[in-house]
Amino acid sequence: MATQLAHPFPVLLAGGGVIAQIFYPLVYDGTRDLLAVVSVVLFAAAAVLHAGLTRGARTAVAALLVFGVGGLAIEVLGLATGFPFGRYQYGGGLGVRLFGVPLVVGLAWIMTAWPCWIAAGRLTGRRRNRVLLAAWGLAAWDLFLDPQMVQEGYWKWLHPTPGLPGVYGVPLTNQVGWLAVALLLMSVFAWCCPDRDAVPPPLDLVPIGTLLWIYFSSLLGHVMFFGLPFAAIWGALGMGVIAIPLVAGRDGLPGLRR
């Protein structure tokens, strides 16, 4: 197992995702759309491969099915019924669709859910708290994601108010829905994959690095490139609950330790 853990492919895939996102704000139209899809595909592939190499095939399959297929299924439900995110519709630019939902959306759930699960495991040893913290991190990511995607025209809500102060186009129902879905997915994943291993921290640098990259690049991008300062503030506060302790090198959070 040790030699497998050192495999360079997850690092290369995640690095490719980083490069695609660096160029994303510097290009326009179809090229920007392509980089959006490519970055998500690369990060999701890195997450699934890392899960398989460090926790085994069962965990990788569970991540793919619970986060990817499960997330996509909920998006299909949301698009058809308006539950649990509110009524919305997709624009163009995100590639192939299934029941009206771009397939890349399912991969986006994997892209961030797995890093949040790994990060939460580093910050707390209690299983219930790990589920709660991972779900919070995943839901808080959407504070960055949705304002940017709405501005880019990738999707929009039919009833976008009321929303968070300073954030336009994204209703509060969406944040509530994200938190509920994140709790559901993390709970199912925890049930499918009970912890049986103790992976040395350096071997989890790919998901930890991915999460921190998502956090800091989103914060910088929203302020410097996308003109979304209030979304940057809300995202920084929300996702910072899980990202900042990682930067500070905390082995656990008060009240959440084993």
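Preceding this paragraph is the structure being described.
Computed from a predicted model, the values in this text were never measured in an experiment.

About the thresholds
The numbering scheme is per chain: residues are counted from 1 as the chain's sequence reads. This being a predicted model, a pLDDT of at least 70 is required before a residue's local features are given, and a value of 80 or more before pairs of side-chain atoms are given or counted; all residues contribute to the totals for chains, interfaces and linings. Side-chain numbers come from the whole structure's heavy atoms, not from hydrogens or water. Counting from the N terminus, the helices are DSSP H or I runs at least four residues long and the strands are E runs at least two residues long. Working definition: with a 1.4 Å probe on protein chains only, accessible area under 20% of the residue-type maximum means buried, over 50% means exposed, and in between means partly exposed. Whether two residues touch is decided by their heavy atoms; if any such pair falls within 4.5 Å, the residues are in contact. Here the Shrake-Rupley method, with its probe set to 1.4 Å, supplies the accessible areas, and only the displayed protein chains count as covering residues. For the charge count, each Lys or Arg is scored as positive and each Asp or Glu as negative, with His and the chain ends excluded. One atom stands in for each charge, and that atom is NZ of Lys, CZ of Arg, CG of Asp or CD of Glu. Axes here refer to lines fitted to C-alpha atoms; in helices the fit is confined to the stretch in contact. Angles between the N-to-C directions go from 0 to 180 degrees. Roughly parallel here means an angle under 35 degrees, roughly antiparallel means over 145, roughly perpendicular means 65 to 115, and every remaining angle is called oblique. Crossings are sorted by hand: turned counterclockwise from the far helix by less than a right angle, the near helix makes the crossing left-handed, and turned clockwise it makes it right-handed. An expected span of 1.5 Å times one less than the residue number is assigned to each helix. A side-chain nitrogen of Lys or Arg and a carboxyl oxygen of Asp or Glu constitute a salt bridge if their distance falls within 4 Å.

**Student:** Would you mind going over the overall build of the protein with me for this structure?
**Tutor:** Summing up its helical and strand segments, the protein has 9 helices and 4 strands in all. Going from the N terminus to the C terminus, the protein shows its helices and strands as α-α-α-α-β-β-β-α-α-β-α-α-α. Dimensions of the protein along its principal axes, counting C-alpha atoms only, are 45 × 35 × 35 Å. Every one of the 258 residues in the protein was classed for burial, and the buried ones make up 51%. In the protein, the share of contacts with a sequence separation of at least 24, taken over all contacts with a separation of at least 6, comes to 74%. For the protein, the accessible surface area stands at approximately 11900 Å², while carbon and sulfur atoms represent 72% of it. A distance of 11 Å separates the average location of the 15 positive side-chain charges in the protein from that of its 10 negative side-chain charges.

**Student:** Mind showing me how you'd approach the packing of helix 4 (residues 57–81) against helix 5 (residues 103–123) here?
**Tutor:** To characterise two packed helices, one gives the angle between the axes of the helices and the distance between these axes. At their nearest, the axes of helix 4 and helix 5 sit 8 Å apart, and the two run at 130 degrees to each other. The angle between helix 4 and helix 5 falls in the class oblique. Between helix 4 and helix 5 lies a crossing whose hand is right-handed. Facing helix 4, whose interface residues are Thr-59, Ala-63, Leu-64, Phe-67, Gly-68, Gly-71, Leu-72 and Glu-75, helix 5 presents Leu-103, Val-105, Gly-106, Trp-109, Ile-110, Ala-113 and Trp-114.

**Student:** Hey, could you run me through the side chain of Thr-210 in this one?
**Tutor:** By secondary structure assignment, the location of Thr-210 is in helix 8 (residues 205–224). Residue class for Thr-210 comes out buried when judged on its relative accessible area of 5%. Apart from the residues lying within four places of it in its own chain, the contact partners of Thr-210 are Ala-14, Phe-43, Met-111, Pro-115 and Leu-205.

**Student:** Looking at this structure, I do not really get helix 8. What am I missing?
**Tutor:** Helical periodicity: at 3.6 residues per turn, an α-helix aligns residues three or four positions apart in one direction. Relative to the 28 Å expected for 20 residues at 1.5 Å per residue, helix 8 spans 27 Å between its end C-alpha atoms, a close match to the ideal helical length. Residues of helix 8 that are buried include every one of Val-206, Pro-207, Ile-208, Thr-210, Leu-211, Leu-212, Ile-214, Tyr-215, Ser-217, Ser-218, Gly-221 and His-222, and no others. Looking at the buried residues of helix 8, the elements they touch are helix 2 (9–23), helix 3 (29–55), helix 5, helix 6 (127–152) and helix 9 (229–247).

**Student:** What is the right way to read unusual backbone geometry from this model?
**Tutor:** Note: most residues except glycine have negative phi, and most peptide bonds are trans. A cis geometry characterises the amide bond from Phe-83 onward to Pro-84, with omega recorded as 10 degrees. Looking at where Pro-84 falls in the secondary structure, it is placed in the loop between helix 4 and strand 1 (88–90). Put simply, Thr-161 and Pro-162 share a cis peptide bond, and its omega is 0 degrees. Its identity is not glycine, yet Phe-99 carries a phi of approximately 55 degrees, on the positive side.

**Student:** Before we go on, may I ask you to explain the pattern of salt bridges in this structure?
**Tutor:** Pairing between side chains becomes possible if they bear opposite charge and their charged atoms approach one another. Evaluation of the coordinates by the stated rule reveals 2 salt bridges. For Glu-152, the salt bridge identified is with Arg-32, shortest N-O distance 2.8 Å. Of the two residues, Glu-152 sits in helix 6 while Arg-32 sits in helix 3, which places them 120 residues apart along the sequence. Residue class for Glu-152 comes out partly exposed when judged on its relative accessible area of 23%. Judged by relative accessible area, Arg-32 falls into the buried class, the value being 11%. Taking the shortest distance from any N to any O, the salt bridge between Arg-55 and Asp-204 comes out at 2.7 Å. With a gap of 149 residues between them, Arg-55 in helix 3 and Asp-204 in the loop between helix 7 (172–192) and helix 8 connect regions that are remote in the sequence.

Any functional reading would require information that these geometric values do not contain.
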